[in-house]
Amino acid sequence: MTRDLLSRCSHSKQVKQIQARFVTSGLLLASVFHHNALLRAHSRTASASPSASPAAAFPIYTHLLRRGLRPDSYTLPFLLNFCSLLLARYHGLSVHAHAIRLGRDADLFLANALIHFYSVVRDLAAARRILDLASFTDVVSYNSMLTGYLRAGDLDSAWSLFDGMSETNVVTWSAMISGCLQGGRSKEALALFSRMQAEGPEPNDMTLVSVLAACAHLGALEQGKWIHSYLRSNGIKISVFLGTALIDMYAKCGQVQLALSLFDEMPEKNLLTWTTMIKGLAMHGNGVEALQLFSVMGASGFVPDDVAFIGALCACTHAGLVDQGREIFDSMRKDYGIEPKLEHYGCMVDLLARNGLLEEAQGLIKSMPMEPDALVWGALMAGCKLHRNVELAEHSVKHLIKLEPDSSGVYVLLANIYASSGRHDKAREVRCMMRTKRLQKTPGCSLVEIGGRIHQFLVGDIAHPLIKDILSKWEEIESLIKLEGYVPDKKEVLLNIDDEEKEDALARHSEKLAIAFALISTEEGMPIRVVKNLRVCSDCHQDLFPEIHHALLIPQWKLNSISFW
DNA sequence: TAAATAGGTT
């Protein structure tokens, strides 16, 4: 009876009401079991109640002791889990001390709860000590330690623990895959997933959500599609989580229509589902559609949060809707009580600057209640480049260099601006500055998926086993497209080198290597999809050659962080 | 008892 009553509670207030009734009746709290059930109900409802406090659980424990009852193997773990949920460090420490006094600290359940607790409060050394000294451990003990390392971003420790585990389960593998993802190592995440299929347990929906996110980051459409059909053939229900991950994957892999039809079919959506779809539409230039969806979302009763507003502002940027952007930006505070964050100012500066409203953008920067970051100045500078305002660009660059003295991007941008306005002496000066500072341009990196495998190319890359064939294919392409009227667009190559060398430098851009490789590795008529870390250079984007016309180039800045392959 | 999704860019 008690358990039924408590398991129906979804909010901590309801638990408290039942608790009060128990205490006043004086009857129902007669056993350890009832105390445990209450503690558990508090934990279960804590995440849905922002006002939940660890202090709520302790009177139950004190009550138990006063009655002369002895905590069983569940009592202290339940109490501790409550502390973990609320990141209540001091309460948790006192539970640990109590357990030692009661001699319960050798229990397996408690050891696991302690490892989890110390992991979430980021005391990994304490967690490790418990794991190493515990009399009994199981796979959960190791998983808790593993997720502790992963939460802290310590992938190396996680890997070495993982490699040494004698028993693993689906949680172990899912945690590792999501850990790789969080660390920006999507390719490792996918590799781990194939290993899991060969030697690990069956994946479940939580595993697949992470795998889909990895596919999204890598533009691995074929693998993403494979997961989708895996879901269908295994009768796995498409939850809100899975559906959202699928929509994101399709959108990031360039398949907005597929993403949209999935979105329409989803019976249950949450704020993330909407935001993902809005962002997906905006990313592909469907700014107007994205904004329509944003208002439909509001009409459907979903209150946009700060991330949803980024999506909406981003849609305005892509569609050049300055007035709507201003309106949305103002309504954030006025209608929703959300203070614009740095990111929102960044979007607005981008929107204004891109559309030539450089002074308004500068004014907005001055009005910001916080210090503008490099992205804000970068957006202004990009606008200056587009609208050839060298003076304001120089002003922005001073701020940028102060904020990011070691970032090569700033200097490259400045050099770009000088070069495109014909001031080659200044551009050369910047280049020298970069050389003396030993800064290197972030290498362009393109990925192409052939037969379910991802191939990576860096600019000027000669590491690929087929590099000779790739380069001769490019020569063939180049001679053909030159006949069609292709003229290398050398403004992307700013270096002060002669024309022939410029052509050579262009020819080795990573996207060209990837396209040439894809053309020799696929059947005629097959679509080619290239994903790139930087914006695709305008020369590479010319689509004079009919075969390249099929190539879909998706710039993806997120890949910037992948540098270890 | 342990694991999951969205976010502005040169």
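Owing to the predicted nature of the structure, the values given are computational and were not obtained by experimental measurement. (Residues numbered from 1 in each chain as written. Chains lettered and ligands numbered in written order. Predicted model: local features only at pLDDT ≥ 70, side-chain atom pairs only at ≥ 80, totals over all residues.)

**Student:** Just to check I follow, could you spell out the overall build of chain A for this structure?
**Tutor:** When helices and strands are counted, chain A shows 31 helices and 4 strands. Counting across all 565 residues of chain A, residues that qualify as buried make up 43%. Summarising the internal contacts of chain A: among those between residues at least 6 apart in sequence, 65% fall at separations of at least 24. (Helix = DSSP H or I, 4+ residues; strand = E, 2+ residues; numbered from the N terminus. Buried ≥ 20, exposed ≤ 12 C-beta atoms within 10 Å, placed from the backbone. Contact = placed C-beta atoms within 7 Å.)

**Student:** Help me understand the packing of helix 21 (residues 342-354) against helix 22 (residues 358-367), please; the structure alone is not making it clear to me.
**Tutor:** Two packed helices can be described by the angle between their axes and the distance between those axes. Two elements in contact, helix 21 and helix 22, have axes separated by 8 Å at closest approach and are oriented at 165°. Here helix 21 is positioned roughly antiparallel relative to helix 22, judged by the angle of their axes. Every pair of crossing elements has a handedness; the one defined by helix 21 and helix 22 is left-handed. Residue-level inspection shows Tyr345, Met348, Val349, Leu352 and Ala353 of helix 21 in contact with helix 22, the latter providing Leu358, Glu360, Ala361, Leu364 and Ile365. The class makeup of the residues in the contact of helix 21 with helix 22 is 9 nonpolar, no polar and 1 charged. (Axes fitted to C-alpha atoms, helices over the stretch in contact; angles between N-to-C directions. Parallel < 35°, antiparallel > 145°, perpendicular 65-115°, else oblique. Left-handed = near helix turned anticlockwise from the far one by under 90°. Nonpolar A, V, L, I, M, F, W, Y, C, P; charged D, E, K, R; others polar.)

**Student:** What should I look at first to understand the UniProt feature "repeat: PPR" (unreviewed entry) in chain A in this one?
**Tutor:** The UniProt feature table records "repeat: PPR" (unreviewed entry) at residues 138-168, 169-203, 239-269 and 270-304. Along residues 270-304 one finds 74% helix and 0% strand; the C-alpha atoms at either end are 11 Å apart. (UniProt positions renumbered as here; feature names shortened; annotations may be inferred.)

**Student:** Honestly, the confidence of the model for chain A in this entry has me stumped. Any pointers?
**Tutor:** In low-pLDDT segments, the atomic positions of the prediction should not be examined closely. Taken residue by residue, chain A gives an average pLDDT of 84. The fraction at 70 or more is 87%. In this model, residues 543-551 is a region of pLDDT below 50 whose contacts with residues beyond four sequence positions or in other chains number 17 contacts. Contacts from residues 555-565, a stretch scored under 50 in pLDDT, to residues over four places away or in other chains number 20 contacts. (pLDDT = per-residue confidence, 0-100.)

**Student:** Where do I start with the nonpolar core in this structure?
**Tutor:** Nonpolar side chains tend toward joint burial in soluble globular proteins. Counting 145 residues, the largest nonpolar core has Leu212, Leu313, Ala315 and Val349 as its most contacted members. If we ignore the near neighbours within four places in the chain, the residues touching Val349 are Ala361, Leu364, Ile365, Val376, Ala379 and Leu380. (Core = buried A, V, L, I, M, F, W, Y, C linked by C-beta atoms within 7 Å.)

**Student:** What exactly am I supposed to notice about the pairing of strand 1 (residues 445-450) here?
**Tutor:** Within a regular strand, the side chains alternate between the two sheet faces. Counting buried residues along strand 1, 5 of its 6 residues qualify, which places the element largely inside the surrounding structure. For strand 1 and strand 2 (residues 453-458), the ladder comprises 6 bridges, and the chain directions are antiparallel. Directly across from Cys445, in strand 2, lies its bridge partner Leu458. Remark: 2 residues form the turn of the hairpin made by strand 1 and strand 2, two consecutive strands paired antiparallel; Gly451 in that turn has positive phi of roughly 55°. Where strand 1 and strand 3 (residues 528-532) come together, 3 bridges link them in antiparallel fashion. The residue of strand 3 that forms the bridge with Ser446 is Lys532. (Pairing = 2+ DSSP bridges.)

**Student:** Explain helix 4 (residues 58-66) here, please?
**Tutor:** Owing to its 3.6 residues per turn, the α-helix brings residues three or four apart onto one side. For helix 4, the full list of buried residues reads Ile60, Tyr61 and Leu64. The arc that holds the buried residues of helix 4, viewed along the axis, is 100°, so those residues lie on one side. Relative to its buried face, helix 4 has exposed residues pointing more than 90 degrees away, namely Pro59, Thr62 and Arg66. Buried residues along helix 4 sit against helix 3 (32-46) and helix 5 (75-85). Immediately downstream of helix 4, the backbone of Gly68 shows phi near 80°, a positive value. (Arc of directions from axis to C-beta.)

**Student:** Explain the environment of Met165 here, please?
**Tutor:** Along the chain, Met165 turns up in the loop between helix 10 (155-164) and helix 11 (170-182). Residues Met165 and Val139 lie 26 residues apart in sequence; the distance between their C-alpha atoms is 8.2 Å.

**Student:** For this particular structure, what's the right way to read helix 15 (residues 240-252)?
**Tutor:** Compared with the 18 Å implied by 1.5 Å per residue over 13 residues, the 18 Å span of helix 15 between its first and last C-alpha is a close match. Among the 13 residues of helix 15, 11 are classified as buried, and the element is accordingly described as predominantly covered. Turning to helix 15, its buried residues are Leu242, Gly243, Thr244, Ala245, Leu246, Ile247, Asp248, Met249, Tyr250, Ala251 and Lys252. The first or second residue beyond helix 15 is Gly254, which carries a positive phi of 85°. (Expected span 1.5 Å × (residues − 1).)

**Student:** What is the right way to look at the environment of His11 in this model?
**Tutor:** Relative to the helices and strands, His11 resides in the loop between helix 1 (2-7) and helix 2 (12-25). Of the residues examined, His11 has 14 C-beta atoms within 10 Å and is grouped as partly exposed.

**Student:** Whenever I open this one, the environment of Asp132 confuses me. Can you help?
**Tutor:** Of note, Asp132 is situated in helix 8 (residues 124-133). Spatially, the C-alpha atom of Asp132 lies 20 Å from that of Ser73, the residues being 59 residues apart in sequence.

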